[in-house]
Amino acid sequence: MSMNNAPNVFLDPNANRFQVNIINEDHDNTETAQEDKTEASLHPYDTHSKMYYLQTFGHNTMDPVPKIDYYRNTGSVSGNKLNRPSLLEIHEQLAKRVANGESSAGDETAASKEEENKTGFVKFGWVKGVLVRCMLNIWGVMLFIRLSWIVGQAGIGLGVIIILLATMVTSITGLSTSAIATNGFVRGGGAYYLISRSLGPEFGGSIGLIFAFANAVAVAMYVVGFAETVVELLKESDTLMVDESNDIRIIGTITVVCLLGISVAGMEWEAKAQVILLIVLLVAIVNFFIGTVIPTNTEKKARGFFNYQASIFAENFGPDFRSGEGFFSVFAIFFPAATGILAGANISGDLKDPQSAIPQGTMLAILITTIAYIAVAISSCVVRDATGNVNDTIVPGMSCNGSSACGLGYDFSRCASQPCDYGLMNNFQVMSMVSGFGPLITAGIFSATLSSALASLVSAPKVFQALCKDNVYKGLEFFAKGYGKNNEPIRGYVLTFAIAMAFILIAELNTIAPIISNFFLASYALINFSCFHASYAKSPGWRPAFRYYNMWVSLFGALLCCGVMFVINWWAALITYAIELFLYIYVTYKKPEVNWGSSTQALYFVNALDSALALTTVEDHVKNFRPQCLALTGAPMVRPALLDITHAFTKNNGLCICCEVYTGPRKLCVKEMNSGMEKKQAWLTKNKRKAFYAAVAADSFRDGVKSLLQASGLGRMKPNTLVIGFKKDWRSAPATQVENYVGIIHDAFDFELGVIIIRISQGFDISQVLQVQGMCFPSIWLPKATYCLTYQTSFHIFFFLITESTINTIQSMHVGEFNQRLLEASTQFKKKQGKGTIDIWWLFDDGGLTILIPYILTIRKKWKNCKLRIFTGGKVNRIEEEKLVMASLLSKFRIKFADINIICDINIKPNKESWKFFEEMIEPYRLHESCKDMPTAEKLKRETPWKITDAELEAFKEKSYRQVRLNELLQEHSRAANLIVLSLPVARKGAVSDYLYMAWLEILSKNLPPVLMVRGNHKNVLTFYS
């Protein structure tokens, strides 16, 4: 059904097919008049009282001075976002804004200050917020009960190297964290926030979930460490409640409930608790160093402690690996002691100034804790093996094994043949023995475990809350809600508590511990890679205030973290990578609707730019030709069938640009165009159309298309083929529209582009159906009668006069009642084509485009069951020779075909009925100057230059005969084809009138299956050379 048969409610009777977006000029003029009136009525000095005018340079101006509030995000917690005057307001509408008394920057500033006064957030500085937390998290149980064993195994020399190697990993990660944290405002979420905003939601979402889970399980690890120490004390005093395992569960449960209470009470209480724990920890460390200089006694000597002795230092300096241990296995045991550097970053949302606090606090914490670890390692005043027996002294005449203990009067040689309970290798409580007051070391162990557990209990919900707020995982929005002035994630605390309790009750942490360590290392690796990636992408937005980083050092740090993961536990590393890969694929598949300006996006741009530039150095070659189409679809959803058939031969093969031209008042056109750009490109992406959307605002439709023909594309990726729909309403359209339509075909040929005109029986435009469905073009429905503007498409003007009553009529109308066949026709190229033929009428050699397009279609999934049939002209006495010549040519081009038909009667006259129909069709557009006197004829030519003259019709009579005859042959041979591809006739510019050319196209393609009329630019697009 033709679109002209549609109900009158949609189309003005004088509607035409050139789609120009008519914008209500009367309305615009009214606004302009109002502006002039307002401007004239203003006194020059009245503007001083208007708050909208900013006294920037001592005079009235709308231009504001640079201000941070203009650059905030909407919903910023640190201040309200202010909207600077738009360029349009500065350029055109100054007086109107003053007359309307619109809100000023001053009003917004006041609102911002009022909001700031309302907020009561508790914010921490770099010491309490970052330094204290990082130090407490890094100084763990390892310092008190494992470092002495590490020195015994690796020696002081290699022990220091192990400490420095672990510090290298954490220091590089700290530098990368500092760089990312100082590249813009940091919100809550810690490692997740830093990684997701740098690498995108795919990496951030995958690492954020496992990082939050790792922190939750780490709570159980630290609490169990605390409970084990308490149970040891109960065991020594013989006061166990049930048994060791159940006592650990009972004490662990009570402890984690207490820690949860502190956390839920608020960040202030948690911070105070952390300070107290740090003081206890520092006192315990100082207590150890004091103990090393207090003169030892006989009992301690028997256990291997002799104060500072050069002989002991020399003996302990070298390694003495036992029980199958080696450098990397000892390193794997120590490394978790160096983690915890993200404890401050994890509460980034609760810091006063995260940009300065995170670098200062993190790097200083790494320095202080490293010095402490090295100092404890060097202060090794205990021999590797000791019996603990005060009677194992050397008496005169006894032989000794030559160890340092022998020189100090003790014989521990029997430790070589039987197990001993004391010394660096055997006693985990060496620090308690050496210290000045043993119970303080126990207090230090309690402080280290509880502080680490508390930090993890706070970190996990904060990171998880940030992850849920971003809605990366759709089912987790429940945990995004915060409570209180600090937006505390109470629900996250409860979830973390539940996870921690589960692992405390399981009490099988030896298996899960390596996986947790690898989870932390994976986040370190991605932070380092984020810093490298952001630097490598060279985005102008990468401007960190922290300068002490290097992209290659960050890359080395990322690789080092990955290596350490395998050193610690290879199977745990594989599990970590598998989980992260699964989450990455999941987030990528779900495609969360976020845009954080990640470095991944920046690198896409850089790679695309480099590839486009590299392509410009490659000379065009016929073997690499591919159709790169500029399709005049208008809004892509309006002509889906035109887009579908074009996409069929450009998908994964060439460039496809869907184009739209806006005409009318420049200001409103640009506004409409810009507002629809992203939506229409998003529609293409959502519907899996590998195409670009481009629009221009121009004074006329033809001028807009000229701009697109010349300026579209980039480098070698420029259109070489124009694709347009056939103008079905050319007989009722104004002459200017027909002139524009034929004119763009001439323009395309002038710019040496090929042209494809596509015709289907129902036409392409379905905007009327979409209007009824409410799927497209949300028009401006007003209660009174008004002009409703729709988006323009390539060849139609839709200018509706709509009243309140007709709105109700439209809304109640069913699509099937309106034009079901039009809707079905719009999807015909989406369907898989059954067995049939694509008939190619290759009548003129245009370089091969006429044969290449259908060949590309046959290699597509939807068209693969269609066979190619070739039709071409020839002489009646050379039919077989012509067939052989064509078959040879196609075989050299390696194009398979089902049949070749030589048409010998193309140039005979058409039958009388067909010719009569053609004459009747062009009759309204003929001048008939030969029937009039000369002055009258000349006057008609001047008034209607577009009409067909008798001389023109006679000059091109043979060509007209051919078009009519070709339609007869097409009806005879190709009526049942799935698709017809036909050589497009070319009208000589200035010789063939627009209406005669449109009549040729009309009669040529009338009453046929879908027709592609193709004309290449007469440059070879096929070759048989290798």
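Calculation notes
- Residues numbered from 1 in each chain as written.
- Predicted model: local features only at pLDDT ≥ 70, side-chain atom pairs only at ≥ 80, totals over all residues.
- Heavy atoms only, no water.
- UniProt positions renumbered as here; feature names shortened; annotations may be inferred.
- Helix = DSSP H or I, 4+ residues; strand = E, 2+ residues; numbered from the N terminus.
- Expected span 1.5 Å × (residues − 1).
- Patch = residues over 30% accessible without salt bridge, like charges linked within 9 Å, V, L, I, M, F, W, Y side chains within 5 Å.
- Areas by Shrake-Rupley, 256 points an atom, 1.4 Å probe, with all protein chains shown as cover.
- Salt bridge = Lys/Arg side-chain N within 4 Å of Asp/Glu carboxyl O.
- Buried < 20%, exposed > 50% of the residue type's maximum accessible area, 1.4 Å probe, protein only.
- Contact = heavy atoms within 4.5 Å.
- Lys, Arg positive; Asp, Glu negative; His and termini not counted.
- Charge placed at Lys NZ, Arg CZ, Asp CG, Glu CD.
- Axes fitted to C-alpha atoms, helices over the stretch in contact; angles between N-to-C directions.
- Parallel < 35°, antiparallel > 145°, perpendicular 65-115°, else oblique.
- Left-handed = near helix turned anticlockwise from the far one by under 90°.
- Nonpolar A, V, L, I, M, F, W, Y, C, P; charged D, E, K, R; others polar.
- Core = buried A, V, L, I, M, F, W, Y, C linked by side-chain atoms within 4.5 Å.
- Phe/Tyr/Trp six-rings, centres within 6.5 Å; stacked < 30°, edge-to-face > 60°.
- Lys NZ or Arg CZ within 6 Å of the ring centre and 35° of its normal.

Looking up the chain in an unreviewed UniProt entry gives the name Solute carrier family 12 member 1, with the organism given as Zonotrichia albicollis. Its UniProt record gives the chain a comment under Catalytic activity (unreviewed entry), which states: "K(+)(out) + 2 chloride(out) + Na(+)(out) = K(+)(in) + 2 chloride(in) + Na(+)(in)". According to the UniProt record, the Sequence similarities (unreviewed entry) comment for the chain is "Belongs to the SLC12A transporter family."

Asks: Give a description of helix α32 (residues 879-892) that names residues and reports values.
Replies: The first and last C-alpha atoms of α32 sit 20 Å apart over 14 residues, in line with the 20 Å expected at 1.5 Å per residue. Two residues or fewer after α32 comes arginine 894, characterised by a positive phi angle close to 60 degrees.

Asks: Can you break down a nonpolar patch on the surface residue by residue, with the values?
Replies: On the surface, Phe566, Trp570, Trp571, Leu574, Ile575 and Ile579 cluster together into a nonpolar patch covering about 550 Å² of accessible area. If one sorts the elements of the nonpolar patch by residue count, helix α22 (residues 570-590) sits on top with five residues. By secondary structure assignment, the location of tryptophan 571 is in helix α22.

Asks: Got a sec to walk through the side chain of serine 993? Specific residues and values, please.
Replies: Within the secondary structure, serine 993 is located in the loop between β11 (979-983) and α37 (994-1005). A relative accessible area of 12% means that serine 993 is categorised as buried. Residue contacts for serine 993: discarding those within four places in its chain leaves Trp946, Ile948 and Glu952.

Asks: Can you explain a positive patch on the surface? Please cite residues and give values.
Replies: Taken together, the side chains of Lys591, Lys651, Lys688, Lys690, Lys832, Lys861, Lys862 and Lys864 present a region of like positive charge at the surface. Relative to the elements of secondary structure, lysine 651 occurs in the loop between α24 (640-650) and β2 (656-663). Residue lysine 651 is classed as partly exposed on the basis of its relative accessible area, which comes to 34%.

Asks: How would you summarise unusual backbone geometry if you had to cite specific residues and measurements?
Replies: We note that asparagine 652 has phi near 55 degrees; this positive angle belongs to a residue other than glycine. Among the structural elements, asparagine 652 can be located in the loop between α24 and β2. The exposed category is assigned to asparagine 652, whose relative accessible area is 56%.

Asks: So what's going on with the packing of helix α11 (residues 267-293) against helix α18 (residues 438-469)? Which residues, and what values?
Replies: Two elements in contact, α11 and α18, have axes separated by 8 Å at closest approach and are oriented at 150 degrees. In terms of axis orientation, α11 runs roughly antiparallel to α18. Crossing handedness for the pair α11 and α18: left-handed. Between α11 and α18, the contacting residues are Met267, Glu270, Ala273, Gln274, Leu277, Leu278, Val280, Leu281, Val283, Ala284, Asn287 and Phe288 on the first element and Leu440, Ile441, Ala443, Gly444, Ser447, Ala448, Leu450, Ser451, Leu454, Ala455, Val458 and Lys462 on the second. Partitioning the contact of α11 with α18 into residue classes produces 17 nonpolar, five polar and two charged.

Asks: Which residues make up the nonpolar core, and what values do they have?
Replies: In terms of nonpolar packing, the biggest core is built from 139 residues, with Trp139, Phe144, Phe334, Tyr373 and Leu521 touching the most fellow members. For this core, the element with the most residues is helix α9 (residues 201-236), which contributes 16 residues. Not counting residues up to four positions away in its chain, the partners in contact with phenylalanine 334 are Met142, Leu147, Ile150, Ile162, Ile163, Ala166 and Tyr373. Grouped together as the second largest cluster of nonpolar side chains are 62 residues, Leu722, Trp730, Val742 and Leu982 included.

Asks: An account of the environment of leucine 175 is requested, with residue identities and associated values reported.
Replies: With respect to the helices, strands and loops of the structure, leucine 175 is situated in helix α7 (residues 147-181). Residue leucine 175 is classed as partly exposed on the basis of its relative accessible area, which comes to 23%. When sequence neighbours within four positions are dropped, the list of residues in contact with leucine 175 reads Met363, Phe546, Tyr548 and Tyr549.

Asks: With reference to specific residues and values, describe the packing of aromatic side chains.
Replies: Scanning all chains against the criterion turns up 33 aromatic pairs. Measuring from ring centre to ring centre gives 4.7 Å for phenylalanine 1024 and tyrosine 1025, while their planes differ by 40 degrees; the resulting arrangement is tilted. Under the relative-accessibility criterion, tyrosine 1025 is labelled exposed at 59%. Members of the aromatic cluster, joined through ring pairs, are Phe529, Phe532, Tyr536 and Trp552. Residue placement shows lysine 892 over the ring face of phenylalanine 1024; its charged tip is 5.4 Å from the ring centre.

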